[in-house]
Amino acid sequence: MTKKRTTHKRTAKKSSVRSNRQSSFRKYIIPFVLKAVGLSIGVAFVFLLFVYLGVFGRLPSKDDLSQINNDIASEVYTEDGVLMGKYYYQNRMSIENKVISQHAKNALVATEDKRFFQHKGLDLLSLGRVVVKTILFRDKAQGGGSTISQQLAKNLYPRKQYGPFTMLVNKSREIFVASRIEEVYSKEEILSLYLNTVPFGEDVYGIEAASLRFFSKHSSDLEAKEAAVLVGMLAANTAYNPRLNPKRSTKRRNIVLDRMTEFGFLNEKESAELKQSDLGLAYHKIDHNTGIAPYFREMIRKEALRILEDEYGEHYDLYKDGLKIYTTIDPTLQEYAEEAVQQHMAVLQREFKNHWKNRDPWKMQPSVFSQALHASQRYKSLKAAGKTEDEILAKMKELTRMRIFAYPEEKDVNLSPLDSVKHYLKILNTGFMVMDPHSGKVLSWVGGVNHKYFQYDHVTSRRQVGSTFKPIVYTAALLDGMKPCEYISNERRVYEDYDNWSPTNSDGMHLGYYSMKGGLTHSVNTITAEVMMRTGVDKVLNLAERMGVQSKLPAVPSLSLGAGEISLQEMLTVYTCFANRGSKVVPFGLLRIEDKTGKVLYEHTPAVKGFPVLDSQTADLMNYMLRGVVENGTGRGLKTTYGLNSQIAGKTGTTQDNADGWFIGYTPNLLAGAWVGAESPVVHFRSTALGQGAHMALPIYGLFMKKVERNPAYDKYTNRRFPTLESDLLAMVDCADYSENDPDRSFFDIFRSGKERPDSLSLKDWRGIQKEEREQRKDQRKGLLNRMKDLFRKKD
């Protein structure tokens, strides 16, 4: 009995303690918890209110969101609409929702936000999953729980730092912005906005730019497996990059395909087949150094900036306003030009390397190397770091792994920075430009051998032009009354009034006599110099300016041999005067600029007939003589080596010490020119056989024209003939190029006019008078012969 009472007392005591605890819990703990929860909710509410009110930065309004204006790259196109390249801060292309592949939209929804069409910007189920699995159980595979609308908000308004509250503030802002986005845009519009803004790595933004980069096609043409690759990249741009990590990319693509199948966008059979296929990568990178005609695009960039600033002030930004820029470039001719340059320059560089072997071309002028060394980026960096000259040189002699340009492409080598400077000093470079001489349209433009390594444009740079200047001299002589068949002694002369200047011929021969046209055909220096002296330096200078030379030229006799420094672009302008039968046409490359809506901001106004500089007869005579250069003179390799069938006129050019090689050639409808040389004129071939324009530059033209002739679409450039010379003009060029004796010294000298053209008479009128005089002399000679015959005739 006692035992039972004791047990009962203990039970009662325990019950009392429990009751007290419960009472205490209800009295203290529950209120505390409720207060804590209430306080947390209150703090959260106040925090969210602060975010909403803009304490951590103003939230975009609905009006702001309705006028979303992402940076969009401006695009450069060829005349027929082929994309050449872009100008941008961010490589982004924006396209309409209706042209985005449905596969891309399906893959995005299935992978990133399966309840996209049910929620209003915030998916509470996904958010709860993140809180439980990601935060509590540390399961990072669950992802961030952000909806597509929230991710769009993050893309549009990048996250900022807010100290310890960074994540909370950014997430809260994105929820509010996503909610407003859902109120402003439809679900389809949100998908379009997202796919146009999302980054894909490699400085690529938007599905269109990514599709062109990785699959060389528009996003409207993406197949399901390709769309799955691109959407798979969104989880980690670099990790799932199909070019850098193809295995990871394939695995991630297959996960996306599985999710597309799970939500009914693909059937099981389709999915299984696609997962067994390869990535189908067709990588094509277009940046500032790649794509079609990068040197030309840089020229167009500068011109477009100038036009936009002059016409619209700061209203348009070339790098973010999505402008469309249309140019005159023919993509096929550009391809031919680039192929010709690469083919010839690779061969020429090997010749140059074998020519010098391990010797340095600048040995006699070491300052050339010293200047290049001090201009190198590595030297400047070490100098800026406070290193002494000895320390810099020691550092630059150390071997290092680097990527260099070496024909036919880049390669990775172990090389010292010092030797890399020498390497680039020995690289030969080029400029090559093709244009329509009648309209002025630039059809192709190659400013160098590689834009990444050599950004100096050799179409616009100035170098000594050599014998390509000679046609200006001969044209001035024709205008001054000299005749194509006027013979000049090939002797070496000393011009005492010009510091005893004494030009010599490259072959060292100074015998016989050349007709004026023969002097041009065979590019004879002594003849050209004498033609210049008889015509006058000032007349040649004035004509050069009228024909298109803008560079400052020296008023010296050596100008006749090309001592002046002129750009290739200027020289082609000069030659339009010949091809266009007397009218100068200035080359241009920019056709029009449109804004992103298609509004025309600028349009080129073409010149109707060009600018008259020469009369058509003088131009025809020059065309005839310059055709002789190709058929019988220094340009005959176009026929003998390259087998060109087109009727071509042109001129080679070689400067002192073979520093520059030139060739300018043209058919009646197509004009092109090439320059070849090293960055420093000190670096050159030692022999004229290798360093002359016929060997250095002419092959580029020959290879290019060979491709053009094979394309029937370009018959308009290759199957046209120059106008036939009128009979009186034909008589003026009816003479031999060379004679051992002076053909002008004959019995009939007494009947030669010997008169100069009066300034008051035009060349056309003067030629009419000359024609009449020739007929009179012909009758006089005929009458004299008849009288002489009568003297010896037997009398009846």
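To keep things clear, this report deals only with the structure shown in the data block. (Residues numbered from 1 in each chain as written. Predicted model: local features only at pLDDT ≥ 70, side-chain atom pairs only at ≥ 80, totals over all residues. Heavy atoms only, no water.)

Tallying secondary structure elements over the chain gives 30 helices and 21 strands in all. Across the 796 residues in the chain, those meeting the buried criterion constitute 48%. Here the analysis covers contacts within the chain between residues at least 6 apart in sequence; of these, 70% occur between residues at least 24 apart. With an accessible surface of roughly 40,700 Å², the chain has 51% of that area assigned to carbon and sulfur atoms. (Helix = DSSP H or I, 4+ residues; strand = E, 2+ residues; numbered from the N terminus. Buried < 20%, exposed > 50% of the residue type's maximum accessible area, 1.4 Å probe, protein only. Contact = heavy atoms within 4.5 Å. Areas by Shrake-Rupley, 256 points an atom, 1.4 Å probe, with all protein chains shown as cover.)

Following the sequence through the fold, V585 ends up in the loop between β14 (583-584) and β15 (590-594). Relative accessible area serves as the criterion here: at 4%, V585 is assigned to the buried category. Along the backbone, V585 and K609 are 24 residues apart, and their C-alpha atoms lie at a distance of 8.1 Å. Excluding residues within four positions of it along the chain, V585 makes contact with M435, P437, H438, S439, G440, T573, T576, N580 and G610.

The biggest cluster of nonpolar side chains holds 135 residues, and the ones touching the most others in it are F432, F469 and F704. Those residues in contact with F704 that sit more than four places away from it in its chain are L333, Y336, A337, A340, F432, V434 and L670. Formed by 46 residues, the second largest nonpolar core is a distinct cluster that contains A104, V177, Y185 and M260. (Core = buried A, V, L, I, M, F, W, Y, C linked by side-chain atoms within 4.5 Å.)

This next bit is on the side chain of S680. Mapped onto the fold, S680 is located in the loop between β20 (671-678) and α25 (688-691). What S680 contacts, discounting residues up to four positions off in sequence, is V368 and R463.

What follows deals with a positive patch on the surface. Residues K357, R359, K363 and R686 make up a contiguous surface patch of positive charge. Inspection of the secondary structure assignment puts R359 in the loop between α13 (331-356) and α14 (367-375). Residue R359 is classed as partly exposed on the basis of its relative accessible area, which comes to 43%. (Patch = residues over 30% accessible without salt bridge, like charges linked within 9 Å, V, L, I, M, F, W, Y side chains within 5 Å. Salt bridge = Lys/Arg side-chain N within 4 Å of Asp/Glu carboxyl O. Lys, Arg positive; Asp, Glu negative; His and termini not counted. Charge placed at Lys NZ, Arg CZ, Asp CG, Glu CD.)

Okay, the sheet that holds strand β16 (residues 600-603) next. Spatially, β2-β1-β5-β15-β16 is the arrangement adopted by the five strands of the open sheet, whose pairing is mixed. Both outer strands of the open sheet, β2 (83-87) and β16, are each paired with one neighbouring strand and no more. If you compare each strand with its neighbour and ignore which way they point, the axes differ by 15 degrees on average. Bridge count between strand β5 (residues 324-327) and β15: four bridges; the pairing is antiparallel. (Pairing = 2+ DSSP bridges. Axes fitted to C-alpha atoms, helices over the stretch in contact; angles between N-to-C directions.)

Looking now at the environment of G291. Here G291 shows up in the loop between α11 (268-276) and α12 (294-312). Residue classification places G291 among the partly exposed residues on the basis of a relative accessible area of 27%. The contacts of G291, once residues within four sequence positions are left out, are M84, K285, I286 and R297.

The angle between the axes and the distance between the axes are what describe a pair of packed helices. Interaxial distance between helix α18 (residues 470-479) and helix α23 (residues 616-632) falls to 10 Å at its minimum, and their mutual angle equals 135 degrees. Classified by the angle their axes make, α18 and α23 are oblique. Crossing angle aside, the handedness with which α18 passes α23 is right-handed. Two secondary-structure elements touch here, α18 through P471, Y474, T475, L478 and L479 and α23 through T618, L621, M622, M625 and L626. (Parallel < 35°, antiparallel > 145°, perpendicular 65-115°, else oblique. Left-handed = near helix turned anticlockwise from the far one by under 90°.)

Right, let's get into the packing of aromatic side chains. Applying the stated criterion across every chain, the model contains 22 aromatic pairs. Between Y312 and Y316, the ring centres sit 5.3 Å apart and the planes meet at 85 degrees, which makes this aromatic pair edge-to-face. Under the relative-accessibility criterion, Y312 is labelled partly exposed at 29%. A relative accessible area of 17% places Y316 in the buried class. Consider the rings of Y424 and F454, whose centres lie 5.8 Å apart with planes at 70 degrees: the pair is edge-to-face. Highlighted residues: Y424 in helix α17 (residues 417-425) and F454 in the loop between β9 (442-446) and β10 (462-464), separated in sequence by 30 residues. Y424 sits in the partly exposed class, given a relative accessible area of 22%. (Phe/Tyr/Trp six-rings, centres within 6.5 Å; stacked < 30°, edge-to-face > 60°.)

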